[in-house]
Amino acid sequence: MLQNRRFYVELGGKRSRWRNQKNGLPQGSVLAPLQYNIYTNDQPRDDATRRFAYADDLCITAQGTDFISIEETLKDALSGLTTYYEVNHLRANPAKTQVCAFHLRNKEAKRQLNVSWCGTPLSHSEHPVYLRVTLDRCLTFKTHITKTKAKVSTRNNILRKLTNTRWGACPKTLRATALALCFSTAEYACPAWERSTHAKKLDPALNESCRCITGCLKLTNTNNLYILAGIAPPDIRRAVASRTERRRQTTDERHPLHGHVPAPSRLKSRKSFLTSTAPLETTPSEARLAMWKEKLNNHPHSPTMHIPAAESLPPGDNNWAKWKCLNRLRSGVGRSREALSRWGYLSGPTTCDCGTEPQTMEHLLRCPLLGGPCTAKDLALYNTKAQQCTNHWLDII
């Protein structure tokens, strides 16, 4: 792996001479992470601390009733690591090491930990980032959820651009892209923060993702929106992800929290993952579908459009314009003359071209100009009547 491996340094357009690599691992190698974990697997563990390691990222935690005892515990743990690094030809980097405190003492909210490593004071961070999860003093995850919502909103811009392309404006492509870019980002590490009171702040950004998939307008009922997109609502997806992780924590001995006994809770608002989440007993897809149907049954006044809840797209056309028109007819929210007048975009008459009554979304399905009425069931099945209705109102709603 390291025999006859050489390197040089380039700076300002000038190169150094070739040097032999005597230790370390080449960056980008497939075996490098595994070999590093094997080499550092015997790092000392302080009995008064817990550690969480991922690749070369090591987190040491200590719990106590006062700040001074925690500072002494962390200093002892770092001292043991320093000796280990010197013996094994490793070099610590205190400049990239941060310390933080998690507590509910509001009077000491600005209290910083005084910890030094190798003679260098470690910087105190109020919002440390560990494995891309932003933490805060009270573990409310408000900052993390705010940052995640901004990331999802940025990815929604990619979806909007796809709807303006010939190859990307396809329902299946948009749905797959939304799941890969938006929903995966929004659900990253959600078992840790899913029970936060701020978790619902992510839902508007994911609602916009589904609008990009379906072509529906903003006033569309959110229950209908996710049915037309073929994606379970965000709260259900987060809950199932938490229950899946809880099953791993219970059954997998390699899980970092396997066998861990949680500390007694001080506040009712702090719901521990280990005490408030039940392990999943079915497959994630089955659990999502069951919870989704139960949620729809608890909202009887929400239109179902005769389309069952399923994690797949309902019948429709691959043409983006027809798909968008069809979903607006299904949801009952579109740019009819009556709606445009109500929204302030139309000042003239709202009578339909047939001259019989105002042009509402309900009237579009029974307009005499269609040659025959179209029902919600027809739209759900996308049969011949639904295709004729969609083609007729294609450039209107």
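Note: the structure precedes this text.
For clarity, every value in this text was computed on a predicted model and none was experimentally measured. Residue indices follow the written sequence of each chain, beginning from 1 at its first position. Where totals are concerned, whole chains, interfaces and linings use all residues; where local detail is concerned, this predicted model gives features only for residues with pLDDT of at least 70, and gives and counts side-chain atom pairs only at 80 or more. In computing side-chain properties, one takes all heavy atoms of the structure into account and sets aside hydrogens as well as water.

**What to know about the overall build of the protein chain**
Reasoning step 1: Comment: elements are numbered from the N terminus, with helices defined as DSSP H or I runs of at least four residues and strands as E runs of at least two. Regarding its fold elements, the protein chain presents 15 helices and 12 strands.
Reasoning step 2: The C-alpha atoms of the protein chain give 29 Å as radius of gyration, which overshoots the globular expectation for 397 residues (21 Å, by more than 25%).
Reasoning step 3: A contact between two residues is defined here by any heavy atoms of the two lying within 4.5 Å. Taking contacts inside the protein chain between residues at least 6 apart in sequence as the whole, the part at least 24 apart equals 61%.
Reasoning step 4: For the accessible areas, the method is Shrake-Rupley and the probe is 1.4 Å, while residue cover comes only from the protein chains on display. In the structure as shown, the protein chain presents an accessible area of about 23900 Å², 52% of it carried by carbon and sulfur atoms. Radius of gyration here uses only the C-alpha atoms, and the compact-globule reference equals 2.2 Å multiplied by the residue count raised to the power 0.38.

**Details of the packing of helix H3 (residues 142-162) against helix H4 (residues 171-186)**
Reasoning step 1: Axes here mean lines fitted to C-alpha atoms, for a helix over just the part in contact, with angles spanning 0 to 180 degrees between N-to-C directions. At a minimum axis separation of 8 Å, H3 and H4 run at an interaxial angle of 170°. Here H3 lies roughly antiparallel to H4, going by the angle between them. Contacts between H3 and H4 involve Thr-148, Lys-151, Val-152, Arg-155, Asn-156, Ile-158, Leu-159 and Leu-162 on the former and, on the latter, Leu-174, Thr-177, Ala-178, Leu-181, Cys-182, Thr-185 and Ala-186.
Reasoning step 2: Looking at the contact of H3 with H4 residue by residue, the class counts come to nine nonpolar, four polar and two charged. Note that the term roughly parallel is reserved for angles under 35 degrees, roughly antiparallel for angles over 145, roughly perpendicular for angles of 65 to 115, and oblique for everything else. Charged means Asp, Glu, Lys or Arg here, nonpolar means Ala, Val, Leu, Ile, Met, Phe, Trp, Tyr, Cys or Pro, and polar covers whatever is left, Gly included.

**What about the pairing of strand E5 (residues 49-54)?**
Reasoning step 1: Bridge count for E5 against strand E6 (residues 57-62) is six bridges, and the pairing is antiparallel. Paired with Phe-52 across the bridge in E6 is Cys-59.
Reasoning step 2: The rule for pairing is simple: two strands pair if DSSP sees at least two bridges between them. Hairpin remark: E5 followed by E6, antiparallel, with two residues in the connecting loop; positive phi at Ala-55, about 55°.

**Details of the nonpolar core**
Reasoning step 1: Grouped together as the largest cluster of nonpolar side chains are 42 residues, with contacts concentrated most on Val-152, Leu-159, Phe-183, Trp-193 and Trp-292.
Reasoning step 2: Every element with two or more residues in this core is listed here: H3, H4, helix H5 (190-193), helix H6 (203-214), helix H7 (222-229), helix H8 (234-251), helix H10 (284-297) and helix H11 (320-331).
Reasoning step 3: Apart from the residues within four sequence positions on either side, Trp-193 is in contact with Phe-141, His-144, Ile-145, Ala-186, Tyr-188, Ala-199, Leu-202 and Arg-238. Buried residues of nine kinds, namely Ala, Val, Leu, Ile, Met, Phe, Trp, Tyr and Cys, make up a nonpolar core once their side-chain atoms join them within 4.5 Å. Here's how the labels work: a residue is buried when its accessible area is under 20% of the maximum for its type, exposed when over 50%, partly exposed in between, all with a 1.4 Å probe on protein chains only.

**Description of unusual backbone geometry**
A negative phi angle is the norm for most residues apart from glycine, just as the trans form is the norm for most peptide bonds.
Reasoning step 1: With a phi angle near 55°, Leu-139 is a residue other than glycine that sits in the positive phi range.
Reasoning step 2: You can see Leu-139 is positioned in the loop between strand E12 (133-134) and H3.
Reasoning step 3: Positive phi values are uncommon outside glycine, yet Ala-189 reaches one of about 60°.
Reasoning step 4: Note on placement: Ala-189 falls in the loop between H4 and H5.

**What to know about the packing of aromatic side chains**
Reasoning step 1: Centres within 6.5 Å make a pair out of two Phe, Tyr or Trp rings, where for Trp the six-membered ring is used; the pair is then stacked when the planes are under 30 degrees apart, edge-to-face when over 60, and tilted otherwise. Using the criterion set out here, one finds three aromatic pairs in the structure.
Reasoning step 2: For the pair Tyr-8 and Trp-18, a centre-to-centre distance of 4.8 Å together with 80° between the ring planes defines the contact as edge-to-face. Of this pair, Tyr-8 sits in the loop between strand E1 (6-7) and strand E2 (10-11) while Trp-18 sits in the loop between strand E3 (14-15) and strand E4 (19-20); the two residues are 10 residues apart in sequence, bridging distant segments of the chain.
Reasoning step 3: Assessed through its relative accessible area of 29%, Tyr-8 is described here as partly exposed.
Reasoning step 4: Owing to a relative accessible area of 44%, Trp-18 belongs among the partly exposed residues under this scheme.
Reasoning step 5: We call a charge positioned above a ring when the Lys NZ or Arg CZ atom is no farther than 6 Å from the ring centre and deviates by at most 35 degrees from the ring normal. Over the ring of Trp-18 we find Arg-6; its NZ or CZ atom is 4.5 Å from the centre of that ring.
Reasoning step 6: Above the plane of the ring of Tyr-188 lies Arg-132, whose end atom (NZ or CZ) is 4.2 Å from the centre.

**Some thoughts on the side chain of Arg-237**
Reasoning step 1: Relative to the assigned elements, Arg-237 resides in helix H8.
Reasoning step 2: A relative accessible area of 15% places Arg-237 in the buried class.
Reasoning step 3: A polar atom in the side chain of Arg-237 sits 2.4 Å from the side chain of Glu-187.
Reasoning step 4: For Arg-237, the residues in contact, after removing those within four places along its chain, are Leu-179, Phe-183, Glu-187, Ile-231, Ala-232, Arg-288 and Glu-311. We call two N or O atoms a polar contact when they sit within 3.5 Å, provided that within protein one can donate a hydrogen and the other can accept it, with sequence-adjacent residues counted only if both atoms are side-chain atoms.

**Some words on a nonpolar patch on the surface**
Reasoning step 1: Like-charged residues are merged into a patch within 9 Å and nonpolar side chains (Val, Leu, Ile, Met, Phe, Trp, Tyr) within 5 Å, provided each residue has over 30% relative accessible area and no salt bridge. Take a side-chain nitrogen of Lys or Arg and a carboxyl oxygen of Asp or Glu: if they are within 4 Å of each other, that pair is a salt bridge. Taken together, the side chains of Phe-7, Val-9 and Leu-11 define a hydrophobic patch exposed on the protein surface, amounting to about 310 Å² of accessible area.
Reasoning step 2: The residue Phe-7 is located in strand E1 in this model.
Reasoning step 3: Exposure remark for Phe-7: the relative accessible area of 35% places this residue in the partly exposed category.

**Considering the pattern of salt bridges**
Reasoning step 1: All chains considered together, the criterion is met by 16 salt bridges.
Reasoning step 2: The salt bridge partner of Glu-10 is Arg-15, with a shortest N-O separation of 3.8 Å.
Reasoning step 3: Judged by its relative accessible area of 59%, Arg-15 is exposed.
Reasoning step 4: Close ionic contact of Arg-105 with Glu-108 constitutes a salt bridge, the shortest N to O distance being 3.6 Å.
Reasoning step 5: Given the relative accessible area of 37%, Arg-105 is considered partly exposed.
Reasoning step 6: One network of salt bridges, in which partners are shared, links Arg-160, Glu-208 and Arg-211.

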